[in-house]
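Structural overview for review
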2 protein chains.
Amino acid sequence: MKTERPDQYRILHEAALREYLAALPELATPLGGEPTSWTITEVGDGNLNLVFIVKGARGGVAVKQALPYVRLVGESWPLPLSRAHYEYLALAKQAQFAPGLVPALLHHNAALALNVMELLEPHLIMRKGLIAGIQYPRFVQDITTFMARTLFFTSDLAVSAAAKKEGVAAFAGNHALCKITEDLIFTDPYRVAEQNRWTQPWLDATAAAFREDLDLHVAISRLKLKFLNAPEALIHGDLHTGSIMVTDGATVVIDPEFAFYGPMGFDIGAVIANLLMAYLASAGHERIPAERQVFEAWVLETVENVWSEFARKFLALWRTQAGGDAYPRTLFEGEAGAARLEVERQAYMARLFQDTVGFSAAKIIRRILGLAHNIDFELIEDPKRRAICEARSLKLARVMMVEASSFPTIGAVTKAAREARDWQPDP
Amino acid sequence: MKTERPDQYRILHEAALREYLAALPELATPLGGEPTSWTITEVGDGNLNLVFIVKGARGGVAVKQALPYVRLVGESWPLPLSRAHYEYLALAKQAQFAPGLVPALLHHNAALALNVMELLEPHLIMRKGLIAGIQYPRFVQDITTFMARTLFFTSDLAVSAAAKKEGVAAFAGNHALCKITEDLIFTDPYRVAEQNRWTQPWLDATAAAFREDLDLHVAISRLKLKFLNAPEALIHGDLHTGSIMVTDGATVVIDPEFAFYGPMGFDIGAVIANLLMAYLASAGHERIPAERQVFEAWVLETVENVWSEFARKFLALWRTQAGGDAYPRTLFEGEAGAARLEVERQAYMARLFQDTVGFSAAKIIRRILGLAHNIDFELIEDPKRRAICEARSLKLARVMMVEASSFPTIGAVTKAAREARDWQPDP
């Protein structure tokens, strides 16, 4: 457990933050000019923290400070400041394995629960770009490198059991953030919970059906058990398109404060779920029919490539850099051994794909029936039109979760997504 | 990681131990009489530690001190003293959930890596009793209570995710002991390793075949991955019949220094494996044919009852004391929900049984082809006769590991054991 130091903690609003940064040459120098001339803007549109953009004569930085409660809800929902520590730890690990794909960390203050990072400009939150129908040609390449490397190099395929256990222990204290996921993703959308909301009245019947659907409840419970019980690798833990900043030529993954050792499929599933939602929300953003067809085709192609490129890179790392305690090389020697291990690698990836399909479904359902929604749907102004997009997503997600094994390939997922796009719910 | 304090550590041989105990009223008083009159006998027949039996006028204690190396091998194989700390932690947890089924802990000294426990008299190491053909009528009842309660109450079915993660972290530093298991059980028996030994020349061909058997290598690698990756509950980690002390009317589980959060099936499999070995070694201890038939029937009945009683008790706890974050009750409300959860409980137990079958096989193979053998076989003086018993055990274990799913019930396991008992290997 991280020791909290409430005595040293204070919330840094604009004036205090300016003073704080001015006193640190490693930040004041790159900002440049007089501290009084710096512009400081609070931009936190997330649910948890304060985020400031600070710009000086020479450059800019992003300052993220954890609050002792959930920002979205207020002081009635306390949340440990230690999440800033875990974000810092995760950023450091990710920078080691996926350099250039996470923001550079410039400063960390544990007592203030504060991290200062490079300012990403002109990057846009990917979710906003997808809503606008923008394609990102670098995305597949970058996100699959990020996932393949951060997951592989923190797994038992790459590290010793001792190092792995140390890693698991180092993140074990981040359980308050895990608990948010456990409740909001794996439990609440399937039961009556005060914080749930959905597009009423159109989704009332579906929400009620999901609360009664025992096949679904068994499936989500198995996924929750895996989330609780499978420290396969250091996962980002919140890898949706709002945690990814993009330009045409770059991709940067931010906000790993939910990081812990968990199931790999949770990260991969998050990316795929958010692309599927971008795809199924797209119809809601059309001004004239079919105007986003090329974009939508790109999104589905991206879904396919995210899995296939992730799998290709992960397997390549396993074949060449397996220094961990799992699948010891000495048990698979010679030509026959190498061939058999390769068959087992494919079987391992098939199991991981099943996890990915299930977690992906869980990430979709929570965004439509749970507390935290996403603007892919929320920005569709006509609620009935929004509800149709959401209903299609729920229909797809339900079958992915309950019948994950009927999706042996990513092609089966995109095929089902295409069918869901054409489905017209009862009015 | 536990901090080692080599500056305060010293090995307590007889004189120093006498002085140490005499200075502690909580031990000197129950021992009774003059310290000079106490008898102190070193009895450690395990592979790792010093164990002293101390007897005074009034009573006795058992003193266990970790050495900074593996006792069996010597200083060339260092091993952290912290294992005494983990044994102490595990004993405390086990005493909480299975009172009376572990020795009472009287004193713990972290710096000296020393634990003092009640002296168990007239208990016998169960393995020795089984070799002598003794039946233990209390065993099933006690060991299944021990396993059901220690596993259930440290699992996600009983505790919050936060408490579970704290538990996992508290034992994460015990990785050196886990590493022994990872190497000696999950790796070495399947490859050329200097420390491997087997009954030569009769098992030469089988040992060679196991080193080439890629189906087996995949199966053991998947079990190893589960051992590395599945903190389902606080497991004893070394639950063989040499870690169990028995009388006709009592059972006490000792030596939990390998404890960590791992797969439940590893503990259950250890008990079943050691009973299966007792069964298949029994023929080697016959003086006249069939003289141990009643005992052998009892052993197989015990195998069946260990699983079925464990499952019954574990399920009963789940039905009545499920306070953990897994399988939330609110997702299974009403009559239909209760019925569906019950079906899922049975499915959970079926998955756990598959793990148990596989781990059981792994525990058998390591005792015949690996470093640490057991006296069930070792005390069969005629090496050819011993090899026949071992070959039968290996034949059974191989099919249990590679085709675990062909053993849907514990009855299928005992049936295969009976067939193995009748199998005559090629001379």
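Residues numbered from 1 in each chain as written. Chains lettered and ligands numbered in written order. Predicted model: local features only at pLDDT ≥ 70, side-chain atom pairs only at ≥ 80, totals over all residues.

1. Focus on the sheet that holds strand β11 (residues 250-253) of chain B
Residues and elements named next belong to chain B.
- The strand order across the open sheet formed by 3 strands is β8-β10-β11, and the pairing between neighbours is antiparallel. The outermost strands of the open sheet, each flanked by one partner alone, are β8 (124-125) and β11.
- Across the face of the sheet, helix α5 (residues 139-152) comes into contact with β10 (244-247) and β11 while running at roughly 35° to β11. (Pairing = 2+ DSSP bridges. Helix = DSSP H or I, 4+ residues; strand = E, 2+ residues; numbered from the N terminus. Contact = placed C-beta atoms within 7 Å. Axes fitted to C-alpha atoms, helices over the stretch in contact; angles between N-to-C directions.)

2. Let's talk about the relation of the copies chain A and chain B
- In the superposition of chain A on chain B (RMSD 0.0 Å, axial shift 0.0 Å), the rotation amounts to 180°. Considering both components of the superposition, the chain copies are consistent with a two-fold axis. In terms of C-alpha distance to the rotation axis, chain A has A169 of chain A as its closest residue, with the C-alpha 2.2 Å off the axis.
- A share of 100% of the interface residues of chain A reappears at the interface of chain B, consistent with the copies meeting face to face through the same patch. (Least-squares fit on C-alpha atoms with pLDDT ≥ 70 in both.)

3. A closer look at the nonpolar core
- Among the nonpolar cores identified, the biggest contains 269 residues, and L276 of chain A together with L276 of chain B are the most heavily contacted of them.
- Filtering out sequence-adjacent residues up to four positions away, L276 of chain B remains in contact with V303, S360, I364, L396 and A417 of chain B. (Core = buried A, V, L, I, M, F, W, Y, C linked by C-beta atoms within 7 Å. Buried ≥ 20, exposed ≤ 12 C-beta atoms within 10 Å, placed from the backbone.)

4. Overview of the confidence of the model for chain A
- The pLDDT averaged across chain A works out to 96; a share of 98% of its residues lies at or above 70.
- Note on the complex model: pTM 0.96, ipTM 0.96. (pLDDT = per-residue confidence, 0-100.)

5. Quick word on the domain arrangement of chain A
All names here are of chain A.
- Structurally, chain A comprises domain 1 (14-118) and domain 2 (124-422).
- Taken together, the contact pairs 18 residues of domain 1 with 23 residues of domain 2.
- For the side of domain 1 that touches domain 2, the residue count by class is 11 nonpolar, 4 polar and 3 charged. (Domains from an automatic or database assignment. Nonpolar A, V, L, I, M, F, W, Y, C, P; charged D, E, K, R; others polar.)

6. Details of the packing of helix α14 (residues 383-402) of chain B against helix α15 (residues 410-422) of chain B
Residue and element names in this part refer to chain B.
- Running from amino to carboxyl end, α14 crosses α15 at an angle of 150°, the nearest separation of the two axes being 9 Å. The crossing of α14 and α15 is right-handed. Here α14 contributes R392, K395, L396, V399 and M400 to the contact with α15, which in turn contributes V413, A416, A417, A420 and R421.
- The residue makeup of the contact of α14 with α15, split by class, is 7 nonpolar, no polar and 3 charged. (Left-handed = near helix turned anticlockwise from the far one by under 90°.)

7. Details of the sheet that holds strand β7 (residues 114-118) of chain A
Residue and element names in this part refer to chain A.
- An order of β1-β2-β3-β7-β6 is seen for the 5 strands of this open sheet, with the pairing classed as antiparallel. A single partner strand is all that each edge strand has here, and the edge strands are β1 (39-42) and β6 (105-109). Averaged over all pairs of adjacent strands, the angle between strand axes in this sheet comes to 20°, irrespective of strand direction.
- The sheet contact formed by strand β2 (residues 49-55) and strand β3 (residues 60-66) spans 7 bridges and is antiparallel. Looking at β3, one finds that V54 is bridged to V61.
- Most of the contacts of helix α1 (residues 14-22) go to β1, to which it runs at about 130°, and overall it touches β1, β2 and β3.

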